[in-house]
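Secondary and tertiary structure notes
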Amino acid sequence: MQTSPAHAVHHGDREIETLEEFDAIVSSRGTLSGFRVQSVDLTDRTRELLTNDTTGAVFLGCRMRPGAAEKIRADGALVLPPLPGLPFDPYRGRLYTPDDLFASLDKGYEATPDALAYAWFQRTKADGDIFASMLRAVHDDSMSDALDELLRGARVVGVMGGHAMARGTEEFRGAARLGRALTHAGFTVATGGGPGAMEAANLGAYAAPYDDAVLDEACEILSTAPSFTPSITDWARAAFEVRTRWPRGDHSVGIPTWFYGHEPPNVFASHIAKYFANATREDGLLARCNAGVVFLPGAAGTVQEVFDNATPNYYESRGEPTPMVLVDRAHWTEKLPAWPLLRSLARERSMEARITLVDRIEEAPEALKRLGG
């Protein structure tokens, strides 16, 4: 899941997203013609900008000296300058980390970039400002691009479930064990990136290098702040305490949204693709789960995800159907009977062999393996 510093060279694409990549391209190619440079501080690379061909290049949110900007515009490059005053970078070339989104947590969650971006979203959404909606779309597209780069070649299993699952419960521990088991099996765990079942699965992936005792102890620490209400600050601080005590966690992905602003992102996903548009986020999350999805008990959002995932499997619009494992028979047949409808939908289609319902969360990894052939 780690991308190398010069991955733009390795993969033959035209994107430059770090200063190291910029220097490698200039050194090896001797030209910037046709490249796309995303959000790189080039104020100390004036000589390189003045002496290299930048015909057809695009510079997105890159800081540079005025003379360099004038020269590359004269070359025919497109320069979209940084936008001061925004609580986020619309041209961002990398996914977020927990530290990015929770910077300034010591001053309270309201001071963090995550909270400030949500406040900006609420304000500009109410204004109906076309410029703000364009910035949101550019940001979300940058997230999708970075997510594609990160997950290239990975076997991704989604874990879906409700945000209401409280820390300290056996259900939370079970979801954490699932995330760890999937990581041990060589999968990349992807969740909706929020609290509850999502946090538990990302925690399990994070704890994959450690033993059962560490996972149990981590769950105990988290249980001191069982929910993100009433205090997101306390909830997040408990999670950062776990990360500080056991700093060498494994990787996983969280894909949350500012659309649900009351739900903060969890800090156990090492890579976070946070979106403004929930529809883009929802479809993108499920589309990237190429090795299947496990659906833990949830409410309306999880039911929506079941059928958002079932539709491309039904029509095979993304190719061969991917496994779908629903966990908790009583939940999916009695409380929210999505399973009978899903089974009826799948009847006599190729997806019929790719869906199953299991009673216990411990059965999910084996069910995924069975359904995936």
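Taking an unreviewed UniProt entry as the reference, the protein is identified by name as LOG family protein belonging to Streptomyces pimonensis.

Taken together, the buried positions of helix α10 (residues 212-222) are occupied by Val214, Leu215, Ala218, Cys219, Ile221 and Leu222. Seen end-on, α10 carries its buried residues on one side only, within an arc spanning 160°. The inward-facing, buried residues of α10 abut α8 (170-184), α9 (197-206) and α11 (232-245). The N-cap of α10, judged by a side-chain oxygen 3.2 Å from the amide nitrogen of Ala213 a few residues on, is Asp211.

Considering all chains together, one arrives at 23 salt bridges under this definition. The salt bridge involving Asp100 is made with Arg92; its shortest N-O contact spans 2.7 Å. We classify Asp100 as partly exposed; its relative accessible area is 31%. What you see here is one network of salt bridges that share partners, running through Glu170, Arg177, Arg360, Glu362 and Glu363.

What follows deals with the pairing of strand β11 (residues 355-358). For a regular strand, the rule is simple: side chains alternate between the two faces of the sheet. With burial as the criterion, each face of β11 is covered, one bearing Ile355 and Leu357 and the other bearing Thr356 and Val358. Strand direction decides the pairing type here: strand β10 (residues 324-327) and β11, joined by four bridges, are parallel. Each residue of the ladder has a partner; that of Val327, found in β11, is Val358.

Summed over all chains, the structure comprises two cavities of 30 Å³ or more. Space inside the largest cavity adds up to approximately 50 Å³. Of the residues that constitute the lining of the largest cavity, the class distribution is five nonpolar, four polar and two charged. The volume enclosed by the second largest cavity comes to roughly 30 Å³. In terms of lining residues, the second largest cavity is bounded by Leu203, Tyr206, Ala207, Tyr210, Val214, Ala218, Val242 and Trp246. Within the residue set of the lining of the second largest cavity, elements represented by two or more residues are α9 and α10. Counted by class, the lining of the second largest cavity contains eight nonpolar, no polar and no charged residues.

In this section: the confidence of the model for the protein. For the protein, mean pLDDT is 94; residues scoring 70 or higher make up 97% of the total. In this model, residues 2-12 is a region of pLDDT below 50 whose contacts with residues beyond four sequence positions or in other chains number 21 contacts.

Core analysis: the largest hydrophobic core is formed by 94 residues, its most contacted members being Leu203, Val294, Leu296, Val325 and Leu342. Among all residues touching Leu296, those that are not within four sequence positions of it are Val159, Met160, Gly161, Ala175, Leu178, Ala197, Thr302, Val327, Trp332 and Ile361.

On to the layout of surface pockets. The computed volume of the largest pocket comes to approximately 440 Å³. For the lining of the largest pocket, the secondary-structure elements that each account for two or more residues are α12 (278-287), α13 (300-315) and α14 (329-335). Ranked by the residues each element gives to the lining of the largest pocket, the list is headed by α13, at five residues. Across the lining of the largest pocket, the residue classes break down as eight nonpolar, 10 polar and six charged. Considering only enclosed or pocket space, the second largest pocket measures out at about 350 Å³ in volume. Every residue lining the second largest pocket is counted, 19 residues in all, and those nearest its centre are Ser39, Arg63, Phe88, Asp89 and Pro90.

Read from one edge of the open sheet, four strands run β1-β2-β3-β4, paired in parallel fashion. One side of each edge strand has no neighbouring strand; the edge strands of this open sheet are β1 (15-16) and β4 (78-80). Relative to strand β3 (residues 58-60), strand β2 (residues 36-38) runs parallel, the two being bridged by three bridges. Looking at the pairing, Gln38 lines up with Leu60 of β3.

Procedures and definitions
- Residues numbered from 1 in each chain as written.
- Predicted model: local features only at pLDDT ≥ 70, side-chain atom pairs only at ≥ 80, totals over all residues.
- Heavy atoms only, no water.
- Buried < 20%, exposed > 50% of the residue type's maximum accessible area, 1.4 Å probe, protein only.
- Helix = DSSP H or I, 4+ residues; strand = E, 2+ residues; numbered from the N terminus.
- Arc of directions from axis to C-beta.
- Contact = heavy atoms within 4.5 Å.
- Polar contact = N/O pair within 3.5 Å; in protein donor to acceptor, adjacent residues only side chain to side chain.
- Salt bridge = Lys/Arg side-chain N within 4 Å of Asp/Glu carboxyl O.
- Pairing = 2+ DSSP bridges.
- 1 Å grid on protein atoms, 1.4 Å probe; cavity = no way out; pocket = protein on both sides within 12 Å on 5 of 7 lines; lining within 4 Å.
- Points joined across faces, edges and corners; volume = space filled by probe spheres on them.
- Nonpolar A, V, L, I, M, F, W, Y, C, P; charged D, E, K, R; others polar.
- pLDDT = per-residue confidence, 0-100.
- Core = buried A, V, L, I, M, F, W, Y, C linked by side-chain atoms within 4.5 Å.

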